[in-house]
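Residue-level structure breakdown
Below, each chain spelled out in residue letters.
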Amino acid sequence: MSDKLKDAKIIFVVGGPGSGKGTQCEKVVAKYGYTHLSSGDLLRAEVGSGSERGKQLSAIMQRGELVPLDTVLDMIKEAMIAKADVSKGYLIDGYPREVKQGEEFEKKIGAPSLLLYIDAKAETMVSRLMKRGETSGRADDNEETIKKRLDLYYKATEPVIAFYEGRGIVRKIDSEGAVDVVFSNVAKAIDGLK
Ligand SMILES: Nc1ncnc2c1ncn2[C@H]1C[C@H](O)[C@@H](COP(=O)(O)OP(=O)(O)O)O1
Ligand SMILES: [Mg+2]
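Residues numbered from 1 in each chain as written. Chains lettered and ligands numbered in written order. Predicted model: local features only at pLDDT ≥ 70, side-chain atom pairs only at ≥ 80, totals over all residues. Heavy atoms only, no water.

With that out of the way, let us pick up the pairing of strand E3 (residues 90-93). Every second residue of E3 is oriented toward a common face, with Tyr90 and Ile92 on one face and Leu91 and Asp93 on the other, all of them buried. As judged from the four bridges shared by strand E1 (residues 10-15) and E3, these two strands associate in the parallel manner. In the sheet register, Ile11 faces E3, and the bridge partner there is Leu91. As defined by bridge partners, strand E2 (residues 35-38) adjoins E3 across four bridges and the pair is classed as parallel. Its bridge partner lying in E3, Thr35 is registered against Tyr90. (Buried < 20%, exposed > 50% of the residue type's maximum accessible area, 1.4 Å probe, protein only. Helix = DSSP H or I, 4+ residues; strand = E, 2+ residues; numbered from the N terminus. Pairing = 2+ DSSP bridges.)

This is how it looks when you write it as structure tokens:
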């Protein structure tokens, strides 16, 4: 089944909530024809469908916790296969959130050739998320949940970056600047891929 994905180019996009992952991924899609898969967006779509699984996910996400590993991975894999014929590569945004998720992804799908580490300061992320919360309608863009998501990010996701640094595929992108400045560095990292 994952034969279709055998030679797929995979980029993990990792960074804290509000660091700018989604914003940068959109620009990569426009310039490079990659498929952008945000684990959070996939999960929110499931919640929006009103399914029983969606209701369970909704409660977990509102608490700022991580959704069970297999659920997210299955959704990502399905979405990747659906795009296999038209995609130049995949941006996996917001996944892996913890080292174990990365290991499972590689077992079931394949290895990433690059990890884009979108890096912003905690205070920058909080203020961007509070602002996004004014219009996003996201149940987790409120002060209390933002705090929990940040704590969890530092605890669970930073080890992911260390894990892939060991393989030499991490490119750290300073995300404090303006969107286009950040993107010029993202583009350099992608252009360096072969
Ligand atoms: N470089 C930048 N400068 C200013 N605002 C930015 C920015 N990158 C993203 N934003 C804004 C857009 C969103 O309202 C908010 C969070 O960005 P996002 O792309 O949704 O983050 P993420 O997907 O990492 O949670 O911050
Ligand atoms: Mg996002």
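Let us look at the site of ligand 1. As a structural note, the neighbourhood of ligand 1 is formed by 13 residues, with Gly18, Lys21, Thr23, Arg132 and Gly177 the closest of them. Separating an oxygen atom of ligand 1 from a side-chain N or O atom of Arg132 is a distance of 2.6 Å. Taken together, the residues of the shell around ligand 1 break down into three nonpolar, seven polar and three charged. (Near = heavy atom within 4 Å. Polar contact = N/O pair within 3.5 Å; in protein donor to acceptor, adjacent residues only side chain to side chain. Nonpolar A, V, L, I, M, F, W, Y, C, P; charged D, E, K, R; others polar.)

The tally for this structure, following the rule as stated, stands at six aromatic pairs. Measuring from centroid to centroid gives 4.9 Å for Phe163 and Tyr164, while their planes differ by 85°, and the two rings are edge-to-face. Given the relative accessible area of 1%, Tyr164 is considered buried. A cation sits over an aromatic face here: Lys27 above Phe183, 5.5 Å from the ring centre. (Phe/Tyr/Trp six-rings, centres within 6.5 Å; stacked < 30°, edge-to-face > 60°. Lys NZ or Arg CZ within 6 Å of the ring centre and 35° of its normal.)

Estimated volume of the largest pocket: approximately 1000 Å³. Lining of the largest pocket is provided by 47 residues; of these, Pro17, Lys21, Arg132, Arg138 and Arg149 occupy positions nearest its centre. Breaking the lining of the largest pocket down by element, the ones donating at least two residues are E1, helix H1 (21-32), E2, helix H2 (39-48), helix H6 (122-136), helix H7 (143-165) and helix H8 (179-191). Of the residues belonging to the lining of the largest pocket, the class tally is 17 nonpolar, 18 polar and 12 charged. (1 Å grid on protein atoms, 1.4 Å probe; cavity = no way out; pocket = protein on both sides within 12 Å on 5 of 7 lines; lining within 4 Å. Points joined across faces, edges and corners; volume = space filled by probe spheres on them.)

This next bit is on the UniProt feature "binding site: AMP" (unreviewed entry) in the protein. According to UniProt, the positions carrying the feature "binding site: AMP" (unreviewed entry) are Ser39, Arg44, Glu65, Leu66, Val67, Gly94, Tyr95, Pro96, Arg97, Gln101, Arg138 and Arg149. Spanning 111 residues, the annotated positions stay apart in the fold, the maximum distance between their C-alpha atoms being 23.8 Å. Checked against the lining of the largest pocket, the annotated residues reduce to Ser39, Arg44, Glu65, Leu66, Val67, Gly94, Tyr95, Pro96, Arg97, Gln101, Arg138 and Arg149. Structurally, the position occupied by Arg138 is in the loop between H6 and H7. Once residues within four sequence positions are removed from consideration, Arg138 is found in contact with Arg44, Arg132 and Arg149. Tracing the backbone through its elements, the reader meets Arg149 in helix H7. Among the residues examined, Arg149 registers a relative accessible area of 11% and is labelled buried. In contact with Arg149, not counting residues within four places along its chain, are Pro17, Gly64, Leu129, Arg132, Arg138, Asp140 and Asp141. From its side chain, Arg149 meets the backbone oxygen of Asp140 in a polar contact 2.7 Å long. (UniProt positions renumbered as here; feature names shortened; annotations may be inferred. Contact = heavy atoms within 4.5 Å.)

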